[in-house]
Amino acid sequence: MEELYKDVNTTRGFKYHYLFIKAKVDKPTLVFLHGFPDTLHGWHHQVDYFRTKGYGLVVPDMLGYGGTDKPVDPAAFLYTAIAQDIVDILDAEEVQNVGSVAVSMLSINHSDRFLGFVFMAVPYSPPRKYSTLEMVLKEQERVYGHPVTGYWTFFTNENAAVEIEGHMDSFLDVLYPLDPDIWKVLINIPGKLEPFVVEGKRLANADYLPEPRREQLKKLLAQGGMESPLNWYKSMVQGIQNHTIDGLKPEDLIIKRPTFFALAKYDYVAIESYAKTAMQQYTPAELLTQKSYGTGHWVHLEDPERFNTDLEFWIETTTRASV
């Protein structure tokens, strides 16, 4: 099956780099969208698995990463605009019958383009007005008994990009941990991640990110720099996303397609019990399939065999039901 790395300019003028594999006649196309900090290569287990089954694949470097453009203005990271960027790629390839490992705005603004949606570790998150980071952390203390996203205080710091670039190994040790429990301090608690990174402290390498893959990721992040990727966070705390909810009715926020949610038992940011409840709040029970994995945040890397087979079974079931 032919594999092509391609570039396309979206309607708003950004170049996206992506992997494209054409589907066999009877198979849908799967869209895999990576998170922070990663590139399209982070889906290598899924690409290797699903391409041999005849599925089409669209796997982009997301905005700020790899071969895709890297704007420094946080306003470029408006979620509605990024969702349209992804649709522009699908239009360029004239792809129909699509399933997505999704960003939430694809479900809200482009649900008609997809057969179903997949969320991994982090649940569907409808748009909302973002208050200050300080208030968010206080609310987390009330709900969870402790802060959860304390690392945002570092990621939104004006010095974060330079500090991460200068200590990339320390940064990756924490973001891809061998022991997910270290997130309880270094990720959850404000003021803990930055000194760990700046002082160049180290942790054991995670076995699910072997040295060749780690070096590839490290090289790509270093080449592109961290200023642009960090804008995914800055766009939130600066209020850039606040107006995405304008004009939406409560029923617009409900997921309307079959949805698979892979919960991570040892993700201490997207805490399993709360993530499960959040998903159920916006997804009708008859559309929702949830599976729990005994992993940290990176389900697709830590337990790829089970994740891939569960995902394939759900896709085949969903596809048959839609015929």
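I will try to describe carefully the structure that is included in this document.

Quick look at the overall build of the protein chain
The number of helices and strands found in the protein chain is 14 helices and 8 strands. Here the protein chain has a C-alpha radius of gyration of 19 Å; the compact-globule value for 323 residues is 20 Å, and the two agree. Structurally, the protein chain occupies a C-alpha span of about 55 × 45 × 40 Å along its principal axes. Here the contacts in the protein chain between residues at least 6 apart in sequence split such that 72% fall between residues at least 24 apart. Positive and negative side-chain charges of the protein chain, numbering 31 and 43 respectively, have mean locations separated by a distance of 3 Å.

What about the side chain of Ser107?
Relative to the elements of secondary structure, Ser107 occurs in helix H3 (residues 104-109). Ser107 gets classed as buried once you look at its relative accessible area, which sits at 2%. Residues within four places of Ser107 in sequence aside, it is in contact with Phe117, Tyr124 and Ile255.

Concerning the pairing of strand S4 (residues 56-60)
For S4, a buried count of 5 out of 5 residues is recorded, marking the element as mostly surrounded by other parts of the structure. Along S4, one buried face is formed by Gly56, Val58 and Pro60 and the opposite face, lined by Leu57 and Val59, is buried too. Bridge count between strand S3 (residues 29-32) and S4: 3 bridges; the pairing is parallel. Its bridge partner lying in S4, Leu30 is registered against Leu57. With respect to chirality, the unit in which S3 leads through helix H1 (residues 44-51) into the neighbouring parallel S4 is right-handed.

Observations concerning the packing of aromatic side chains
Overall, the coordinates contain 23 aromatic pairs when judged by the stated rule. Both rings, one in Phe154 and one in Phe155, keep their centres 6.1 Å apart while their planes meet at 50°; by these two values the pair is tilted. Of the residues examined, Phe154 reaches a relative accessible area of 2% and is grouped as buried. Aromatic pair Phe260 and Trp314: ring centres 5.8 Å apart, planes at 50°, arrangement tilted. Note that Phe260 is positioned in strand S7 (residues 259-264) and Trp314 in helix H14 (residues 304-322), a separation of 54 residues in sequence.

Section: the packing of helix H7 (residues 168-175) against helix H10 (residues 211-224)
Two numbers describe how H7 lies on H10: the axes approach to 11 Å, and their chain directions differ by 120°. When the axis of H7 is compared with that of H10, the two are oblique. Both H7 and H10 take part in a crossing whose hand is right-handed. Only Arg214, Leu217, Lys218, Leu221 and Ala222 of H10 make contact with H7, whose side of the interface consists of Met168, Asp169, Leu172 and Asp173. Along the lines of polarity and charge, the residues of the contact of H7 with H10 split into 5 nonpolar, no polar and 4 charged.

Examining the side chain of Ser228
As for its position among the elements, Ser228 is in the loop between H10 and helix H11 (231-237). Residue Ser228 is classed as buried on the basis of its relative accessible area of 3%. Apart from residues no more than four positions distant in its own chain, Ser228 is found in contact with Gly64, Lys70, Pro71 and Phe77.

A few points about helix H2 (residues 79-92)
Structurally, the α-helix is built with 3.6 residues per turn, so residues lying three or four positions apart point the same way. With 14 residues, H2 extends 20 Å between its outermost C-alpha atoms, agreeing within 8% with the 20 Å of an ideal straight helix rising 1.5 Å per residue. Positive backbone phi, approximately 55°, marks Glu94, located one or two places after H2.

Let's talk about the pattern of salt bridges
One pass over the structure, following the stated rule, counts 16 salt bridges. The salt bridge partner of Glu316 is Lys27, with a shortest N-O separation of 3.0 Å. Here Lys27 lies in the loop between strand S2 (15-21) and S3 and Glu316 lies in helix H14, a separation of 289 residues in the sequence. For Glu316, a relative accessible area of 23% corresponds to the partly exposed category. Between Lys129 and Asp246 there is a salt bridge whose closest N-O contact spans 3.1 Å. With a gap of 117 residues between them, Lys129 in the loop between strand S6 (114-120) and helix H4 (133-144) and Asp246 in the loop between H11 and S7 connect regions that are remote in the sequence. Assessed through its relative accessible area of 47%, Lys129 is described here as partly exposed.

Considering the pairing of S2
The buried fraction of S2 is high, at 6 of 7 residues. Where S2 lies against S4, 4 bridges are found, and the strand directions are antiparallel. For Leu19, the partnering residue across the bridge sits in S4 and is Val59.

Conventions we followed
Residues numbered from 1 in each chain as written. Predicted model: local features only at pLDDT ≥ 70, side-chain atom pairs only at ≥ 80, totals over all residues. Heavy atoms only, no water. Helix = DSSP H or I, 4+ residues; strand = E, 2+ residues; numbered from the N terminus. Rg over C-alpha atoms; globule rule 2.2 N^0.38 Å. Contact = heavy atoms within 4.5 Å. Lys, Arg positive; Asp, Glu negative; His and termini not counted. Charge placed at Lys NZ, Arg CZ, Asp CG, Glu CD. Buried < 20%, exposed > 50% of the residue type's maximum accessible area, 1.4 Å probe, protein only. Pairing = 2+ DSSP bridges. Right-handed = clockwise from strand over helix to strand, strands pointing away. Phe/Tyr/Trp six-rings, centres within 6.5 Å; stacked < 30°, edge-to-face > 60°. Axes fitted to C-alpha atoms, helices over the stretch in contact; angles between N-to-C directions. Parallel < 35°, antiparallel > 145°, perpendicular 65-115°, else oblique. Left-handed = near helix turned anticlockwise from the far one by under 90°. Nonpolar A, V, L, I, M, F, W, Y, C, P; charged D, E, K, R; others polar. Expected span 1.5 Å × (residues − 1). Salt bridge = Lys/Arg side-chain N within 4 Å of Asp/Glu carboxyl O.

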